[in-house]
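# Structural description and commentary
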Amino acid sequence: MLARVPSGVPTCCNKDFMKSQDNCIFCKIVAGQIPSSKVYEDDDLLAFHDLHPKAPVHFLVIPKSHIDSLAECGPGDADVLARMMLKVPELARLAGCNNGFRTVINTGTDGGQEVFHLDLHVLGGPRDRWKSPAF
Ligand SMILES: [Zn+2]
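My aim in this report is to walk through the structure given alongside it, one point at a time. Being a predicted model, the structure only gives us computed values, none of them experimental. (Residues numbered from 1 in each chain as written. Predicted model: local features only at pLDDT ≥ 70, side-chain atom pairs only at ≥ 80, totals over all residues.)

### Here we look at the environment of tyrosine 40
- Its place among the elements puts tyrosine 40 in strand β1 (residues 38–41).
- In sequence terms tyrosine 40 and lysine 87 are 47 residues apart; their C-alpha atoms lie 9.5 Å from each other.
- Those residues in contact with tyrosine 40 that sit more than four places away from it in its chain are Leu45, Ala47, Lys87 and Leu91. (Helix = DSSP H or I, 4+ residues; strand = E, 2+ residues; numbered from the N terminus. Contact = placed C-beta atoms within 7 Å.)

### Describing helix α3 (residues 78–94)
- With 17 residues, α3 should reach 24 Å at 1.5 Å per residue; the first-to-last C-alpha distance of 25 Å fits that figure.
- A bend of about 30° at valine 88 is the largest found in α3, and the proline proline 89 appears one to four places after it.
- Of the residues one or two after α3, glycine 96 is the one with positive phi, at around 100°. (Expected span 1.5 Å × (residues − 1). Bend = angle between axes of the 7 residues up to and from the residue.)

### Digging into the environment of isoleucine 105
- Structurally, the position occupied by isoleucine 105 is in the loop between β4 (101–104) and β5 (120–124).
- Separated by 15 residues in the primary sequence, isoleucine 105 and leucine 120 place their C-alpha atoms 4.9 Å from one another.
- When near neighbours in sequence (up to four residues on either side) are disregarded, isoleucine 105 contacts Leu70 and Leu120.

Okay, structure coming up:
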């Protein structure tokens, strides 16, 4: 099952709202207030399938603690960033990415970030089945 956003929860168009931790969709997913299709979970990280997959395999890895974006990270975030990156190959293999995968972190408005909670996209599967190879 894919994550569904309940009606009344803004999904776009209001970046100031999306930047508010109290109203963060990904924090609500972490809290179980919005369902998601989980790929992995531990004390610090959550991985779940993207609602709008751009490739046969497309999931997100996020820190459970709210961080607006990669641009907001500091030295205190080094451990969680490393844990996110180091978990990706294992999760990609389990998802069937046997010939490689792509990792993407969209940062800020010009970087295409849609939810202002740090998220690492993992995309894989046969390239001719990707919806947006340039992603
Ligand atoms: Zn958040």
